[in-house]
Amino acid sequence: MNDAAESDEALLARFQCAAFDYFLSHCNPANGLVADTSRPGSPSSIAVVGLALSCYAVAVERGWMTRAAAAARTLATLRFFWTSEQSEAGDATGYKGFYYHFLDMHSGRRAWQSELSLIDSTFLLAGVLNASVYFSADSGDEGEIRALAAALYGRVDWQWAQGDAPTVRQGWKPDSGYFHYGWEGYSEATLLYVLGLASPTLPLSPESYGAWTATYQWENIYDCEFLYAGPLFIHQFSHAWIDFAGIRDDFMREKGSDYFVNSRRATYVQREFARRNPHAFRGYSEQCWGISANDGPGLKTLAVGDTERRFYGYAARGVPYGPDDGTLAPCAALASLPFAPEIVVPALRTLCERYPRLTQASRLPGGFNPTLPGAGPEGWVSEGYFGLDQGFIVLMIENHRSRLIWQLMRRCPYVAVGLRRAGFTGGWLRPP
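Residues numbered from 1 in each chain as written. Predicted model: local features only at pLDDT ≥ 70, side-chain atom pairs only at ≥ 80, totals over all residues. Heavy atoms only, no water.

Draft legend 1. The arrangement of the packing of aromatic side chains in detail. Throughout the structure, instances matching the rule amount to 41 aromatic pairs. Note on Phe123 and Trp241: the rings are 5.7 Å apart at their centroids and 20 degrees apart in plane angle, and the pair reads as stacked. Placement of the pair is Phe123 in helix H4 (residues 118-134) and Trp241 in the loop between strand S11 (224-227) and helix H9 (250-255), with a sequence separation of 118 residues. Looking at Phe123, the relative accessible area reads 3%, which means it is buried. By relative accessible area, Trp241 is classed as buried at 0%. Aromatic pair Tyr209 and Trp212: ring centres 5.9 Å apart, planes at 65 degrees, arrangement edge-to-face. Note that Tyr209 and Trp212 are positioned in helix H8 (residues 208-213) at a spacing of three residues, about one turn of the helix. Given the relative accessible area of 4%, Tyr209 is considered buried. Under the relative-accessibility criterion, Trp212 is labelled buried at 0%. What links up through ring pairs into an aromatic cluster is the set Tyr186, Tyr193, Tyr209, Trp212, Tyr216, Trp218, Phe244, Phe251, Tyr259 and Phe424. (Phe/Tyr/Trp six-rings, centres within 6.5 Å; stacked < 30°, edge-to-face > 60°. Helix = DSSP H or I, 4+ residues; strand = E, 2+ residues; numbered from the N terminus. Buried < 20%, exposed > 50% of the residue type's maximum accessible area, 1.4 Å probe, protein only.)

Draft legend 2. Highlighting the side chain of Asn399. Along the chain, the position of Asn399 falls in helix H14 (residues 387-401). Of note is the side chain of Asn399, whose polar atom sits 3.2 Å from the backbone nitrogen of Trp406. Apart from residues lying up to four places away in sequence, Asn399 is in contact with His239, Ala240, Pro338, Leu404, Ile405 and Trp406. (Polar contact = N/O pair within 3.5 Å; in protein donor to acceptor, adjacent residues only side chain to side chain. Contact = heavy atoms within 4.5 Å.)

Draft legend 3. Local environment of the nonpolar core. By size, the foremost hydrophobic cluster in this structure holds 145 residues, and its most contacted members are Phe81, Leu192, Trp241, Tyr259 and Leu419. The dominant element in this core, judged by the number of residues it contributes, is helix H2 (residues 46-62), at 13 residues. A domain split of this core shows at least three residues from each of domain 1 (16-215 + 402-432) and domain 2 (217-385). Once residues within four sequence positions are removed from consideration, Tyr259 is found in contact with Tyr186, Tyr209, Tyr216, Leu227, His239, Phe244, Asp249, Phe251, Met252 and Phe424. (Core = buried A, V, L, I, M, F, W, Y, C linked by side-chain atoms within 4.5 Å. Domains from an automatic or database assignment.)

Draft legend 4. Representation of the sheet that holds strand S9 (residues 177-178) in the model. Strand order across the open sheet formed by three strands is S7-S8-S9, with antiparallel pairing between neighbours. The two strands at the open ends of the sheet, each matched to only one other strand, are strand S7 (116-117) and S9. Across two bridges, strand S8 (residues 171-173) lies against S9 in antiparallel orientation. Bridging from a neighbouring strand, Lys173 pairs with Gly177 of S9. (Pairing = 2+ DSSP bridges.)

Draft legend 5. A look at helix H10 (residues 259-276). With 18 residues, H10 extends 25 Å from end C-alpha to end C-alpha; this agrees with the ideal 26 Å at 1.5 Å per step. Among all positions of H10, only Tyr259, Phe260, Asn262, Ser263, Ala266, Thr267, Val269, Gln270, Arg271, Glu272, Phe273 and Ala274 are buried. Of the surrounding elements, those touching the buried residues of H10 are H8, strand S10 (218-221), S11, H9, helix H12 (341-354) and helix H15 (404-410). Positioned one or two residues after H10, Asn277 has a phi angle of 45 degrees, which is positive. (Expected span 1.5 Å × (residues − 1).)

Draft legend 6. Looking closely at the domain arrangement of the protein chain. You can read the domains of the protein chain as domain 1 (16-215 + 402-432) and domain 2 (217-385). Relative to domain 2, the C-alpha centre of domain 1 lies at a distance of 25 Å. Each side of the interface is counted separately: domain 1 has 40 residues, and domain 2 has 35 residues. When the area that domain 1 buries against domain 2 is broken down by residue, the three leading residues are Arg39, Tyr186 and Trp406, summing to 29%. At the junction of domain 1 with domain 2, the criterion picks out four salt bridges. Across the pair Asp243 and Arg410 runs a salt bridge whose closest N-O atoms are separated by 2.9 Å. (Buried area = accessible area lost by both parts, 1.4 Å probe. Salt bridge = Lys/Arg side-chain N within 4 Å of Asp/Glu carboxyl O.)

Draft legend 7. Molecular detail of the pattern of salt bridges. Taken as a whole, this structure holds 19 salt bridges when the rule is applied. Glu342 is the salt-bridge partner of Arg264, the closest N and O atoms lying 2.9 Å from each other. Highlighted residues: Arg264 in helix H10 and Glu342 in helix H12, separated in sequence by 78 residues. The class for Arg264 is partly exposed, based on a relative accessible area of 31%. On the basis of relative accessible area, Glu342 is assigned to the partly exposed category, the value being 40%. A salt bridge links Glu272 to Arg276, with the shortest nitrogen-to-oxygen separation between them at 2.6 Å. Of the two residues, Glu272 and Arg276 both sit in helix H10, four residues apart, roughly one turn of that helix. The exposure class of Arg276 is partly exposed, given its relative accessible area of 46%. Shared partners join several salt bridges into a network, and the residues in it are Glu85, Asp91 and Arg109.

Draft legend 8. Up close: unusual backbone geometry. Pro320 follows Val319 through a cis peptide bond whose omega is -5 degrees. Positionally, Pro320 belongs in the loop between strand S15 (315-316) and helix H11 (330-334). Cis rather than trans, the peptide bond between Gly322 and Pro323 has omega equal to 0 degrees. By the element assignment, Pro323 lies in the loop between S15 and H11. With a phi angle near 45 degrees, Asn277 is a residue other than glycine that sits in the positive phi range. Its place among the elements puts Asn277 in the loop between H10 and strand S12 (293-294). Positioned with a positive phi, Ser362 is a non-glycine residue whose angle comes to about 60 degrees. Relative to the helices and strands, Ser362 resides in the loop between helix H13 (356-359) and strand S16 (368-369). Ser362 sits in the buried class, given a relative accessible area of 8%.

The following block contains the structure:
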């Protein structure tokens, strides 16, 4: 296909549809679990399952799935999580209403000795709540979806997740307890606090959100003032479900901004960093950018030309302070579409034109590094695909095209309650 002649709408629709196909190809329909990556033997990621639950609504509206098929897949997922073991046992599926980061695709039990992940459980719950709003019919299946969603959300012990600390802990393991650190600095945890504060059963303490925002770091980078976080994904993940345009908490009121504007500024900072290209990596340019948490070539130091380069595996790469090894995250760039379509669409077109082998399947890999020699100009390319990448592509393209997920979550009463308890006012968040 001649990408230059293709309309923006057709181009985005093509990549969105290809990204959604991941959830059809790498799902166990018996329990709804979705593989973390397309690599053989990959366990399920609960965050990817949450994305899948939200993507099913998009698939129905776009005609990629029937409503009945989407409801059946959703119901299988919610039934599994409701009936799976919740205990302190090392091979349980979850504990205190939260779930382990990685689960065996078939048994659904804890995999890879992973942590009980509060943030990944949050993404799972966001998908659960999204489904409960979308499947609103009086039919038996859709009614059961809503009942299970309410039960799953109500079972979560957010107070336990605080662990007697001012802010939420990042994780827990049955053999060692809480991680010795919580959330500090701006991150993807905004959604966690919103859902935790809104709980009708065991909510976070009212002071916890303010304790977290007190650790924020406001910076001026390239003459752009914004709430700093280096990796691009941080400026995207909570935004997949919540429309932050025009609503402000105490922190943003003081700065005269909001989190949507902040993500737009962060996207432009990313592009400017790539344009300046301070480390002279191949491929970086005003039209080719995106530095985030993603797969990489592996931990090694190699001589590339006359320069010694240090490369990393999966890492949270960031702008402008690093780490940065020349690895680009094309999925992260595309997921910034709602914030700055005028620079994201040209970046996608450049990717298609400059690296046709990379985009020939209309699905983007977890990372590529043109500085590290490979089979073509794209250099090193990540093996397979990551479910997290594909899910956020589907949701963020849809929020740009129709605002579907944002509109659905506005109708979820817990989201509005959580935002208000966090101090958000204005915009679409009218008084109840």
